[in-house]
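Listed below, chain by chain, are the residues.
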Amino acid sequence: MNRKYRKTVIAGNWKMNMLASEIKPFIEQLKENMPKTRACDVVLCTPAVMIPAMIKAGKECKVAAGGQDVSKFEKGAYTGEVSASQLADIGAKYCIVGHSERRQYHGEDDMLVNAKAKALLAKGINPIICVGESLEQREMDLTMEYVAYQVKAALNGIDATQLRRCIIAYEPIWAIGTGKTATAEQAQEVCEGIRAVVRKIYGARPARAVSILYGGSMNAKNAYELLAQPDIDGGLIGGASLKPADFATIIAATNQE
Ligand code: 13P
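First things first, this report covers the structure right here in the doc. Please read these numbers as outputs of a predicted model, since none were measured by experiment.

In the neighbourhood of the ligand, 13 residues make up the surrounding shell, with His 99, Glu 171, Gly 177, Ser 217 and Gly 239 lying closest. At 2.6 Å, a backbone N or O of Gly 177 approaches an oxygen atom of the ligand. In the environment of the ligand, an oxygen atom lies 2.9 Å from a nitrogen or oxygen atom belonging to the backbone of Gly 238. Notes on the ligand: free accessible area 310 Å², of which the protein chains cover 95%. The residue inventory of the shell around the ligand, partitioned by class, reads 4 nonpolar, 7 polar and 2 charged.

Pasting the structure below:
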């Protein structure tokens, strides 16, 4: 983390878990376990139907609500899709785009991720743009080339002012839901590389200001060490964000000097 130059963000990705009725008790437990003062923004990205309940429950302890996906279209005959205006209208502040599960199960490519990020920015929602390599790519030593390509494609046509609203999340696919975390060194190396890519496109200042999160089996035990890395500005947390005490411990880990 580097709080002097950029925001620390702890974001939970609930994926397709939990019910709206479970949100209030979850937030109450989170509040009990969370430090009174904290050095980060906290957001929970829920299925779209649960965003209003999250906003309501999260208000008093400053937990923002986010979506997990958005349509690239503004409106129209796209059955099942949710637009950026609809997310903004119900009060979502953030939205994940390009999660590897969307890429894998829904065939999303980098151009689509770029279009979705732009759709969110146009409606004032902060995109959390996910990138990350597969195990095969890592073993072939293609990690940085591949991640750099994903970052460049996702940010194509986004100007420096809009970049200030973007968060990039590095999530190595092999570490997601596997219990296999990237080492702090591995995660730092790629996050530093991502910042270098941003620097090349936008220059030193915007690169210094962009928050880059790590995601992939981040938990109450390993969060402190990961967050101690200079280019890791927070986490995008799946499994551990479903357990209020664990999520609170991760939030507390941002209070380190
Ligand atoms: P896990 O923390 O369960 O590995 O999930 C990470 C993730 O995909 C967050 O978007």
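Picking up after the structure, the text goes on.
Nonpolar side chains in soluble globular proteins generally cluster together in the buried interior. Ranked by size, the top nonpolar core spans 70 residues in total, and within it Ile 27, Leu 30, Val 151, Leu 155, Ile 194, Val 198 and Tyr 214 carry the most contacts. Ranked by the residues each element gives to this core, the list is headed by helix α9 (residues 184-202), at 8 residues. With residues up to four places along the chain from it excluded, the contact list for Val 198 reads Val 151, Leu 155, Leu 163, Ile 168, Gly 203, Ala 207 and Val 210. Formed by 12 residues, the second largest nonpolar core is a distinct cluster that contains Ala 11, Tyr 94, Ile 128 and Leu 236.

Before going further, it helps to examine empty space enclosed by the protein. Under the definition given, this model contains 1 cavity of 30 Å³ or more. Around the largest cavity, the lining residues are Gly 98, His 99, Ser 100, Arg 103, Cys 130, Val 131, Gly 132, Gln 150, Glu 171, Ile 173 and Ile 176. Mapped by element, the contributors of at least two residues to the lining of the largest cavity are α4 (100-106) and β5 (126-131). Considering only residue class, the lining of the largest cavity consists of 4 nonpolar, 5 polar and 2 charged.

Before going further, it helps to spend a moment on the layout of surface pockets. Here the largest pocket defines a volume of roughly 500 Å³. Lining the largest pocket are 21 residues, and of these Lys 15, Pro 47, Gln 68, Asp 69 and Arg 102 lie nearest its centre. When residues of the lining of the largest pocket are assigned to their parent elements, the largest contribution, 4 residues, is made by α4. Residues of the lining of the largest pocket, tallied by class, amount to 8 nonpolar, 8 polar and 5 charged. Taken as a whole, the second largest pocket encloses approximately 380 Å³ of empty space.

Parameters and conventions
Residues numbered from 1 in each chain as written. Predicted model: local features only at pLDDT ≥ 70, side-chain atom pairs only at ≥ 80, totals over all residues. Heavy atoms only, no water. Near = heavy atom within 4 Å. Polar contact = N/O pair within 3.5 Å; in protein donor to acceptor, adjacent residues only side chain to side chain. Areas by Shrake-Rupley, 256 points an atom, 1.4 Å probe, with all protein chains shown as cover. Nonpolar A, V, L, I, M, F, W, Y, C, P; charged D, E, K, R; others polar. Core = buried A, V, L, I, M, F, W, Y, C linked by side-chain atoms within 4.5 Å. Buried < 20%, exposed > 50% of the residue type's maximum accessible area, 1.4 Å probe, protein only. Helix = DSSP H or I, 4+ residues; strand = E, 2+ residues; numbered from the N terminus. Contact = heavy atoms within 4.5 Å. 1 Å grid on protein atoms, 1.4 Å probe; cavity = no way out; pocket = protein on both sides within 12 Å on 5 of 7 lines; lining within 4 Å. Points joined across faces, edges and corners; volume = space filled by probe spheres on them.

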